[in-house]
Amino acid sequence: MTVTPPDVQHPPEPSTEQNPIQTITVEPTVINTIEPTSTQDVEETIKPEATPTITVEPTSMQTGEETITPEVTPTITVKPTETRAYSPDASKETLTTNLTPNSDDSVGTSETNSSTTDKTSDQTSGKQNISQSATQLVTSFSSSDEEKENSKVVTLGTVIVSSSGTSNAISINQTGGIAGNAGYTWTSSDSYIISSPGSYRLDEDISTSTSYAIQIVASDVTLDGNGHTITGDGWSGTAGVEVKSGANNVAIENIGLVSGYYFGTGIESWADDTTIHNNSISESFRGIYTTGLNATIDDNTVNGGGYDGWGVKGIETSGNYAKITNNSITGTAMGIESHGKSAAISNNTIDQNYDTGIYSASGTINTQTIISNNSISGIGGANNGIESESVNTSILNNVVKGYSIGTLNQGTGINSKGTNSIIDGNEVSDNVQGIAITGNNVTISKNTIYDNSGDGISLGSGENRTITKNTITENKIGISTSDNFKSTKITSNKIRNNDEGIHITNGGGGGDGNIVNNYLGNDENIGGNGDASVFKWNVYPTPGTNVVGGPNLAGNYWSDETETGWSDQQEQNEVGYTTTPYQIATEVFDHAPLVKTTTTPTTSPTPTVLPTPTLSPTPTTIPLSDSPNQISDSSSSIPGIHLGVVTVSLPLETKPGDVAELQLTLENSGSTALSKEARIILSPINPLAQIVGEQPAIYENGKYLLTFQIQIPKDPGTYIYIFNPVYLSKDPTTGKDIRIPAGDPVQFTVTVGPDGTVTVKSP
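It should be emphasised that the depicted structure is a prediction, and the values quoted were computed from it without experimental measurement.

**Quick word on the overall build of the protein chain**
A count of helices and strands for the protein chain gives 6 helices and 69 strands. Here the protein chain holds 763 residues, and the buried ones make up 50% of them. Residue pairs at least 24 apart in sequence account for 59% of intrachain contacts in the protein chain once pairs closer than 6 positions are excluded.

Written out as structure tokens, the structure is:
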């Protein structure tokens, strides 16, 4: 519509046609001085009103051949022009203004004269269709000096448009929405659409029955709730605040309360780089939901209303690289649910959870999710404190408790189903199961697991799992595993005061692994009907602090709940283990069980050789049939036992100065055979052997195997190690160990060549 200066003092009435959103296009004309053509001038003085701000949606305004595109988020200030005298002569040149409706843009004009606009109809609909002469558009709004200095001025005919940036937040309220299109549109249904970049501040509470209260369709927007509330009608709403796809880099913060979206979401974003900070949300099906990349969700409070809260989710994300930190979530079915990769979920408090506290979903390889330092507690029928199906997940330093009567997974504190996972430093208590895992390549370490009514740690199907340095107490079972799992390593754990320490189920056998250097002090240390022989229960003694503080790593410490168990009753020594085997099951032994040490070990302890008692000149006076390590031949011809070196080897890559693992195989060539329960040790003779210390042998396929570490000299030369093979038996009178020589000295030589080669051989 073209508007020309009127023939009377007042402009024509506005058109009754209504359009939801409008774009102002100013066509270029030449403005000449308008001289009066009659004896009477009609003068009109335009007085400046208050200082509303007008934000223009970035649409193109054409002036002839030149297209002027306003920058994002400008504040439009129309500066005053001089008071003009107008002539009703239509032959004079006039300022022509076209008002073009556009339903996609949110641009309006402010009302300046009640005589030119029907306020009742316009304010009720929230939509304007304005046709005015140039005299009504020339209206003065104030602006600060700083804004004027930073403003970009575009001259459109006689209308000066000034963009002053976004240093001040734009107030969101019904008056602002109607009066001046300050970057957003207010509709009659109590909803707001923010369509221009900038900072916005909510200056009043909002209550709406529509699908959203505030919708953001522009990028680079900050919405400050300013402590105000947004309330839905409880049924029809889909979101309190909605960020549309493509509206990236939006921040939503400080909303006092978003509530009443039972079938929707308090705050949701479909865009990238969304920040949702310091908001409070309740009574929504989902408190917060994001789908885009790089979402940051922090310091929010979500209250689901407890078990009657419609099964709500506190926070859900499906985009990659989400950061969910320092949120408080109470009374939800699902506390936090993450479907994207590389999420960081940390320092959240999830309380009164009745299904799953944190869920990291599957479907993405190399997710690299980190779940750390969260506090999670369940109630009622809660199922999992933390459940992860993701790959490469780290679950670190969380406190999880109260998942005690679940139905899906029997109430598990931490339930990991992915591969390549690390579960470290968590405190897990008062659940049915403490930690349950399936999948390969999982490490469970340094956790404190107690007061669970089932298993402290439950191993499901998979291989290559390491369970180390955990404290597991007051559970029904400390650790549950199976005899068909490959590469199971259970080391350096303190497993005490459980009904059963380690439970081995019968999976058909065929598994393997090590169960060494654990403190076992339970009613029953080893239980189950599985094959315990698939595991190795001790390593060859090597220097290193063991689980009870001794100077060597060897077997396990076998105690009970009263600390008066087998290892507690053994004679203390300086090496921290004994060569008296501990029987675990039929034909299954710990050949180097740990004992308490007599003194505080030094850095490089030299194991004390037990004194060799004076033997009776007639060995047959010792009733070997009463010994647990009896010789299978009834003959008592001790000289018939003759152990000699069969093989000796070092790793091929051994270099001068290395600490290398030497392997030695002995075989009895004497006339008297030894049973596989016979205890054989090597007792050092010369100084180099004394550095190595006393070493026990393990029977295997008719031979005795030893593996121990030696320090390879750095200088070229030949180095000889000499040991006495000793057969250990019990004195039937005193019950003490007696040592019986079992052949000639065992000797091997390590040679360091001038060229750096290292070889080992026996004479």
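**Considerations on the pairing of strand β66 (residues 717–730)**
A regular strand carries its side chains on alternate faces of the sheet. As defined by bridge partners, strand β62 (residues 679–684) adjoins β66 across 6 bridges and the pair is classed as antiparallel. Residue Ile681 lies in a different strand from β66, and its bridge partner there is Val726. Of the pairings in the sheet, the one linking β66 to strand β68 (residues 746–752) comprises 7 bridges and is antiparallel in character. Paired with Ile720 across the strands is Thr749, a residue of β68. Where β66 and strand β67 (residues 737–741) come together, 5 bridges link them in antiparallel fashion. Within β67, the position partnered with Tyr727 by the bridge is Ile740.

**Some remarks on the pattern of salt bridges**
Enumeration according to the criterion identifies 9 salt bridges in this entry. A salt bridge links Glu337 to Lys313, with the nearest nitrogen and oxygen atoms 3.1 Å apart. Taken together, the residues span a long stretch of sequence, with Glu337 in strand β29 (residues 334–338) and Lys313 in strand β26 (residues 313–317) at a distance of 24 residues. Among the residues examined, Glu337 registers a relative accessible area of 7% and is labelled buried. Lys417 is paired through a salt bridge with Glu387; the nearest N and O atoms lie 3.2 Å apart. Placement of the pair is Lys417 in the loop between β38 (412–416) and β39 (422–424) and Glu387 in strand β35 (residues 384–388), with a sequence separation of 30 residues. What makes Glu387 buried here is its relative accessible area of 9%.

**What to know about the nonpolar core**
In terms of nonpolar packing, the biggest core is built from 72 residues, with Ile214, Ile216, Ile230 and Trp537 touching the most fellow members. Core analysis: the next-biggest nonpolar cluster, separate from the first, contains 32 residues, Leu643, Ala660, Ile710 and Val758 among them.

**Re the pairing of strand β48 (residues 488–491)**
Across 4 bridges, strand β45 (residues 465–468) lies against β48 in parallel orientation. Paired with Thr468 across the two strands is Thr491, which belongs to β48. Pairing of β48 with strand β51 (residues 513–516) involves 4 bridges; the strand directions are parallel. Looking at the pairing, Ile490 lines up with Ile515 of β51.

**Digging into the packing of aromatic side chains**
Within the structure shown, the criterion is met by 11 aromatic pairs. Taking the centre distance of 5.3 Å and the plane angle of 70° together, the rings of Tyr699 and Tyr704 count as edge-to-face. Here Tyr704 falls in the buried class, since its relative accessible area comes to 2%. An aromatic cluster of at least three residues, connected via ring pairs, comprises Phe535, Trp537, Trp558, Trp566 and Tyr582. Across from the ring centre of Tyr289, 3.7 Å away, lies the NZ or CZ of Arg286, which sits over that ring.

**A look at the environment of Ser683**
For Ser683, the position within the fold is in strand β62. According to the relative accessible area criterion, Ser683 is buried, its value standing at 8%. Considered as a pair, Ser683 and Gly693 are 10 residues apart in the sequence and their alpha carbons are 7.2 Å apart.

**Description of unusual backbone geometry**
Within the chain, Asp220 stands out as a residue other than glycine whose phi angle is a positive 60°. Residue position: Asp220 is located in the loop between β16 (212–216) and β17 (221–224). Here Asp220 falls in the partly exposed class, since its relative accessible area comes to 43%. The phi dihedral of Asn464 falls on the positive side, at around 60°, and the residue is not glycine. Within the secondary structure layout, Asn464 lies in the loop between β44 (455–459) and β45. On the accessibility criterion, Asn464 (33% relative accessible area) is partly exposed.

**With respect to the sheet that holds strand β65 (residues 703–711)**
Spatially, 4 strands are ordered β60-β61-β65-β64 in an open sheet, and the strand pairing comes out antiparallel. Single-partner strands in this sheet number two, and they are β60 (643–649) and β64 (698–700). Neighbouring strand axes in the sheet, compared pairwise and without regard to direction, differ in orientation by 35° on average. Of the pairings in the sheet, the one linking strand β61 (residues 659–668) to β65 comprises 8 bridges and is antiparallel in character. In the sheet register, Leu666 faces β65, and the bridge partner there is Tyr704.

**Let's talk about a negative patch on the surface**
Together, Asp430, Asp451, Glu474, Asp499, Asp523, Glu524 and Glu561 make up a negatively charged patch on the protein surface. Relative to the assigned elements, Glu561 resides in the loop between β57 (557–559) and α5 (566–569).

**Let's talk about the side chain of Asn517**
Checked against the element boundaries, Asn517 lands in the loop between β51 and β52 (519–521). In this structure Asn517 comes out as buried when scored by relative accessible area, which is 8%. Residues within four places of Asn517 in sequence aside, it is in contact with Thr491, Ser492, Asn493, Asn546, Val547, Leu553, Gly555, Asn556 and Leu594.

**Some words on the confidence of the model for the protein chain**
For residues with low pLDDT, the predicted coordinates do not support detailed interpretation. Taken as a whole, the protein chain shows an average pLDDT of 74; of its residues, 67% reach a score of 70 or greater. pLDDT under 50 marks residues 1–167. Its contacts with residues more than four places away, or in other chains, come to 270 contacts. Residue range residues 600–639 is modelled with pLDDT below 50. Its contacts to residues more than four positions away, or to other chains, number 63 contacts.

**A word on the environment of Gly227**
Within the secondary structure, Gly227 sits in the loop between β17 and β18 (229–231). The contact partners of Gly227, leaving out residues within four places of it in the chain, are Asn254 and Gly256.

**What to know about the environment of Val243**
Following the sequence through the fold, Val243 ends up in strand β19 (residues 239–243). In this structure the C-alpha to C-alpha distance between Val243 and Ala218, which are 25 residues apart in sequence, comes to 8.5 Å. In contact with Val243, other than residues within four places in its own chain, are Ile216, Val250, Ile252, Glu268, Ser269, Trp270 and Ala271.

**What to know about the side chain of Thr468**
Tracing the sequence through the fold places Thr468 in strand β45. On the basis of relative accessibility, which here comes to 14%, the residue Thr468 falls in the buried class. Within the structure, Thr468 has its side chain in polar contact with the backbone oxygen of Thr491 (distance 3.2 Å). In contact with Thr468, not counting residues within four places along its chain, are Ile444, Ser445, Lys446, Thr491, Ser492 and Asn493.

What counts as what
Residues numbered from 1 in each chain as written. Predicted model: local features only at pLDDT ≥ 70, side-chain atom pairs only at ≥ 80, totals over all residues. Heavy atoms only, no water. Helix = DSSP H or I, 4+ residues; strand = E, 2+ residues; numbered from the N terminus. Buried < 20%, exposed > 50% of the residue type's maximum accessible area, 1.4 Å probe, protein only. Contact = heavy atoms within 4.5 Å. Pairing = 2+ DSSP bridges. Salt bridge = Lys/Arg side-chain N within 4 Å of Asp/Glu carboxyl O. Core = buried A, V, L, I, M, F, W, Y, C linked by side-chain atoms within 4.5 Å. Phe/Tyr/Trp six-rings, centres within 6.5 Å; stacked < 30°, edge-to-face > 60°. Lys NZ or Arg CZ within 6 Å of the ring centre and 35° of its normal. Axes fitted to C-alpha atoms, helices over the stretch in contact; angles between N-to-C directions. Patch = residues over 30% accessible without salt bridge, like charges linked within 9 Å, V, L, I, M, F, W, Y side chains within 5 Å. Areas by Shrake-Rupley, 256 points an atom, 1.4 Å probe, with all protein chains shown as cover. Lys, Arg positive; Asp, Glu negative; His and termini not counted. Charge placed at Lys NZ, Arg CZ, Asp CG, Glu CD. pLDDT = per-residue confidence, 0-100. Polar contact = N/O pair within 3.5 Å; in protein donor to acceptor, adjacent residues only side chain to side chain.

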